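Commentary on secondary and tertiary structure
Spelled out from the first residue to the last, the chains are:
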Amino acid sequence: MADSEREEPYSRAMVVMAHADDMEWTCAATLAKFCAEGWEVVLVLCTDGSKGSDDPDMTSERLAKIRAEEQKESARVLGLKDVVFLGYPDSYLEPTLQLRKDIAREIRRHRPDIVITEPPTRDIDSRYYGSHPDHLATGEAALAAVFPTARDRLTFPELLEEGLEPHKVREVWIVGGLEGSDRFIDVDGYLDTAVEALKAHKSQVSPEAAEKYFPIGRAETAAKVGLKYAEAFKTIKYY
């Protein structure tokens, strides 16, 4: 995949998500495909996942540890290079300058060709996924981190002191099946790996739900473009 004959093919991706299992529900099959093709893929997880439980005996501290281990196992199944835990409190995330800086730091460190992240705007006509404030904050902060923060040498000069040179991301892909999606990845052959990654999140997802709903969503998306299974993204290119 390349923008022109003069550019190197893409080989590095960074996924910036709010919660453990956001990546799996939205783009796990695409990432399974990338990893199988030899890409280096890094996940940056913004929150600690410490609020997603109805169990009256569960504590935030215990849940955060459980979800971190689940995310590590999912990353192992997919073949990710690394998982970075930023550790912001679940359900309280805001698109602050500090969050933007923390994401930009990882962009400069790992130097991805593409960044995959969440929609920064609320869509009341879509599924409930788009309404979580942590998702909106993540998308806004990630886009701001890509442009201009990670690119500009004089923004957060302390990153230079850490040895992190500026980096220009070539594309951002927004997940969520937005209206106007313009990139559809054929993921036929990668659903089994993606479902196994989703099933690693045992505290959040039952095996039955993963096996049932994950393929349905990919089939619905694929029907729009004449494929069997696909994941959709809205792309932003940077020149």
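You'll find the structure just up there.
First things first, this report covers the structure right here in the doc. (Residues numbered from 1 in each chain as written. Predicted model: local features only at pLDDT ≥ 70, side-chain atom pairs only at ≥ 80, totals over all residues. Heavy atoms only, no water.)

1. What about the overall build of the protein?
The following threshold applies: What counts as a helix is a DSSP run of H or I of at least four residues, what counts as a strand is a run of E of at least two, and both are numbered from the N terminus. The globule rule used here is 2.2 Å times the number of residues to the 0.38 power, and the radius of gyration it is set against is calculated over C-alpha atoms. To sort residues, take the accessible area from a 1.4 Å probe on protein chains only and compare it with the maximum for the residue type: under 20% means buried, over 50% means exposed, and anything in between is partly exposed. Note on contacts: a residue pair is in contact if any heavy atoms of the two residues lie within 4.5 Å. Methods summary: accessible areas were calculated by the Shrake-Rupley approach with a probe of 1.4 Å, and residue burial reflects only the protein chains presented. We treat Lys and Arg as the positive residues and Asp and Glu as the negative residues; His and chain ends play no part in the count. Charged groups are reduced to one reference atom each: NZ for lysine, CZ for arginine, CG for aspartic acid, CD for glutamic acid.
Helix and strand content of the protein: seven helices and seven strands. The order of helices and strands in the protein, counted from the N terminus, is β-α-β-α-β-α-β-α-α-β-β-α-α-β. For the protein, the C-alpha radius of gyration of 17 Å lies close to 18 Å, the compact-globule estimate for 239 residues. Taking all 239 residues of the protein together, the buried fraction comes to 51%. Contacts in the protein between residues at least 24 apart in sequence constitute 77% of all its contacts with a sequence separation of at least 6. Accessible surface computed for the protein: about 11,700 Å², of which carbon and sulfur atoms make up 50%. Here the protein carries 31 positive and 44 negative side-chain charges, and the mean point of each set is 4 Å from the other.

2. Remarks on the packing of helix H1 (residues 22-36) against helix H7 (residues 207-222)
The condition that has to hold: Throughout, an axis means a line fitted to C-alpha atoms (over the contacting stretch in the case of helices), and angles, computed between N-to-C directions, take values from 0 to 180 degrees. Should the near helix be turned anticlockwise from the far one by less than a right angle, the crossing is left-handed, and should it be turned clockwise, the crossing is right-handed. Charged residues are taken to be Asp, Glu, Lys and Arg, nonpolar residues to be Ala, Val, Leu, Ile, Met, Phe, Trp, Tyr, Cys and Pro, and polar residues to be all remaining types, Gly included.
Interhelical geometry of H1 versus H7 gives an angle of 65 degrees and a closest axis separation of 11 Å. Relative to H7, the crossing made by H1 is right-handed. Each of Glu24, Trp25, Thr26, Cys27, Ala28 and Ala29 in H1 lies in contact with H7, whose residues at this interface are Ala209, Tyr213, Phe214 and Arg218. Class assignment for the residues of the contact of H1 with H7 results in seven nonpolar, one polar and two charged.

3. Things to note about the side chain of Asp90
As a reminder of what qualifies: Salt bridges are defined as contacts in which a side-chain nitrogen from Lys or Arg sits within 4 Å of a carboxyl oxygen from Asp or Glu. N or O atoms within 3.5 Å of each other form a polar contact, as long as, within protein, one can give a hydrogen and the other can take it, and as long as residues adjacent in sequence are counted only when both atoms are side-chain atoms.
Its place among the elements puts Asp90 in the loop between strand E3 (82-88) and helix H3 (97-110). Buried charge without a partner: Asp90 forms no salt bridge, and the closest opposite charge is Arg67, 4.2 Å away. At 3.4 Å, the side chain of Asp90 and the backbone nitrogen of Ser50 are in polar contact. Excluding residues that lie within four positions of it along the chain, Asp90 makes contacts with His19, Thr47, Asp48, Gly49, Ser50, Lys51, Gly52, Arg67 and Asp134.

4. Examining the environment of Glu69
You can see Glu69 is positioned in helix H2 (residues 60-78). Linking Glu69 and Pro207, residues 138 residues apart in sequence, is a C-alpha distance of 17 Å.

5. Describing the pattern of salt bridges
Two side chains of opposite charge can pair, provided their charged atoms sit close to one another. Considering all chains together, one arrives at 18 salt bridges under this definition. With a closest N to O distance of 2.9 Å, Arg105 and Glu162 form a salt bridge. One end of the pair, Arg105, is in helix H3; the other, Glu162, is in the loop between helix H5 (158-161) and strand E5 (171-174), with 57 residues separating them in the sequence. Its relative accessible area of 42% is what places Glu162 among the partly exposed residues.

6. Observations regarding the side chain of Glu171
You can see Glu171 is positioned in strand E5. Take Glu171: its relative accessible area is 1%, and that puts it in the buried class. A polar contact of 3.0 Å, which involves the side chain of Glu171, links it to the side chain of Arg183.

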